[in-house]
Amino acid sequence: MKLIESLVLLAIGTSTGWACSCLQSSGCWSASSEGLEFVGKATRVHAADGGAVAVDFAVSEAFGKLSGKTAVTVYTNTESTACGYPFRVGVEYFVSANSVESSLWANSCGQTRPALVAAALIRQARAIHAGQPPAPLFGFIGTEPYPGISPLSRLEAKPAASVAVTAVGRAGEFRAITAADGSFEFSRLPESTYHLRVQLPQDLFIWWASTHLSSTYAVSPGKMCEADFPLYPKGDPFAANQPR
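Let me begin by describing the structure that accompanies this report. Source: prediction; values computed, not measured.

## Section: the packing of aromatic side chains
Tallied over the full model, the rule gives 13 aromatic pairs. When the centroid spacing of 6.4 Å and the interplanar angle of 90° are considered together, the rings of Trp29 and Phe138 count as edge-to-face. With Trp29 in strand E3 (residues 28-30) and Phe138 in strand E11 (residues 137-143), this pair connects stretches of sequence that are 109 residues apart. Residues Trp29 and Phe138 agree in their burial class; the two are buried. When the centroid spacing of 6.1 Å and the interplanar angle of 35° are considered together, the rings of Phe205 and Tyr232 count as tilted.

If you want it as structure tokens, here you go:
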């Protein structure tokens, strides 16, 4: 499965001197079985050459070109300013890697994240691995302590179950409900461009709601689109002055 980076990395490799710069894309990409993705638990983080760190993983599921692997080592830059991803030992991740000089590299601009918030994404990887079409539109909804500030915020995410999500397009309106793991998906959608409506409890807000709810997703054959909605509670002091 080739999960084309949802954010384009402008600084990659062992250099820590460049600032991390990511360009946001549409959230949709072409489905393929040729990528470097896996689900695994980080078992060791240790220093590597050139200011990088190496992260050893015990792999539970592997997709694409990594299919069959049970252990891999992934490299990332040490500094967040160089787009390094802050892996933590003992945490299970979905990792979407790039091949750089025959080594696997991950970064904070890609699709790598804790498996806790990747349930829908992992299901699509399994579908493609099994030769089945992925859902054309899917995502995760859950609360985070500091959404949008650091990838570490996602380690403390709490899935939001039973949230209604409506895909609205020229072909009509289609409804999905988040599962216990916070994931939702629309398994079948007519080809169209959609935006999403989310019906939340009154005590929860969407982080940067105007941006998330104005995003559109062009559903077409062979494409897959992802839409995550990070939430925060009404009474959270950190969230008091954030846009809603």
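## Here's the deal with unusual backbone geometry
Despite not being glycine, Ser102 shows a phi value in the positive range, around 70°. Tracing the backbone shows Ser102 in the loop between strand E8 (98-100) and strand E9 (103-105).

## Notes on the sheet that holds strand E18 (residues 217-219)
In spatial order, the strands read E14-E13-E16-E18; together these four strands make up an open sheet with antiparallel pairing. Here the strands that pair on one side only, and so sit at the sheet edges, are strand E14 (172-177) and E18. Neighbour-to-neighbour, the strand axes of the sheet open up by a mean angle of 35°, direction not taken into account. Judged from the three bridges that link them, strand E16 (residues 192-199) and E18 form a sheet pairing that is antiparallel. When the bridges of E18 are listed, Tyr194 appears paired with Tyr217.

## Some points on the sheet that holds strand E5 (residues 52-64)
The sheet built from seven strands is open, its strands ordered E8-E9-E6-E5-E4-E7-E10 with mixed pairing. The strands lining the two open edges of the sheet, one partner per strand, are E8 and strand E10 (113-114). As defined by bridge partners, E8 adjoins E9 across three bridges and the pair is classed as antiparallel. The partner of Asn98 across the bridge, within E9, is Trp105. Where helix H1 (residues 119-129) meets the sheet, its contacts fall on strand E4 (36-47), E5, strand E7 (92-96) and E10, and the angle it forms with E5 comes to roughly 55°.

## Quick word on the environment of Thr193
Within the secondary structure, Thr193 sits in strand E16. Excluding residues that lie within four positions of it along the chain, Thr193 makes contacts with Val168, Gly169, Arg170, Thr216, Tyr217 and Ala218.

## What to know about the pattern of salt bridges
Counting across every chain of the model gives nine salt bridges. For the salt bridge of Glu226 with Arg113, the shortest nitrogen-to-oxygen distance reads 2.6 Å. With a gap of 113 residues between them, Glu226 in strand E19 (residues 223-226) and Arg113 in strand E10 connect regions that are remote in the sequence. The exposure class assigned to Glu226 is buried, which follows from its relative accessible area of 12%. The partner of Asp228 in a salt bridge is Arg113, and the shortest N-O contact between them spans 3.3 Å. In this pair, Asp228 is assigned in the loop between E19 and strand E20 (229-233) and Arg113 in strand E10, connecting sequence segments 115 residues apart. Linked through salt bridges whose partners overlap, the residues forming this network are Arg113, Glu144, Arg154, Glu226 and Asp228.

## Some thoughts on the nonpolar core
The biggest cluster of nonpolar side chains holds 23 residues, and the ones touching the most others in it are Leu137, Ile141, Phe184, Phe186, Leu196 and Phe229. Counting residues per element, the ones that place at least two in this core are E11, strand E13 (164-169), strand E15 (183-186), E16, strand E17 (204-206), E18 and E20. By residue number, the principal contributor to this core is E16, which donates three residues. Those residues in contact with Phe186 that sit more than four places away from it in its chain are Ala135, Pro136, Leu137, Val165, Thr166, Ala167, Phe174, Arg175, Ala176 and Leu196. Among the nonpolar cores identified, the runner-up in size contains 18 residues, and Phe57, Val59, Tyr85 and Leu104 belong to it.

## Considerations on the side chain of Thr143
Relative to the helices and strands, Thr143 is located in strand E11. Among the residues examined, Thr143 registers a relative accessible area of 17% and is labelled buried. When sequence neighbours within four positions are dropped, the list of residues in contact with Thr143 reads Glu156, Ala157, Lys158, Leu204 and Leu231.

## Looking at the state of the cysteines
Inspection of the entire model under this criterion finds one disulfide. The disulfide partner of Cys28 is Cys225, and the S-S distance across this bridge is 2.0 Å. Between Cys28 and Cys225, the S-S torsion sits near 110°, and that sign places the bridge as right-handed. Here Cys225 lies in strand E19 and Cys28 lies in strand E3, a separation of 197 residues in the sequence. The exposure class of Cys28 is buried, given its relative accessible area of 17%. Its relative accessible area of 0% is what places Cys225 among the buried residues.

About the cut-offs
Residues numbered from 1 in each chain as written. Predicted model: local features only at pLDDT ≥ 70, side-chain atom pairs only at ≥ 80, totals over all residues. Heavy atoms only, no water. Phe/Tyr/Trp six-rings, centres within 6.5 Å; stacked < 30°, edge-to-face > 60°. Helix = DSSP H or I, 4+ residues; strand = E, 2+ residues; numbered from the N terminus. Buried < 20%, exposed > 50% of the residue type's maximum accessible area, 1.4 Å probe, protein only. Pairing = 2+ DSSP bridges. Axes fitted to C-alpha atoms, helices over the stretch in contact; angles between N-to-C directions. Contact = heavy atoms within 4.5 Å. Salt bridge = Lys/Arg side-chain N within 4 Å of Asp/Glu carboxyl O. Core = buried A, V, L, I, M, F, W, Y, C linked by side-chain atoms within 4.5 Å. Disulfide = S-S within 2.5 Å.

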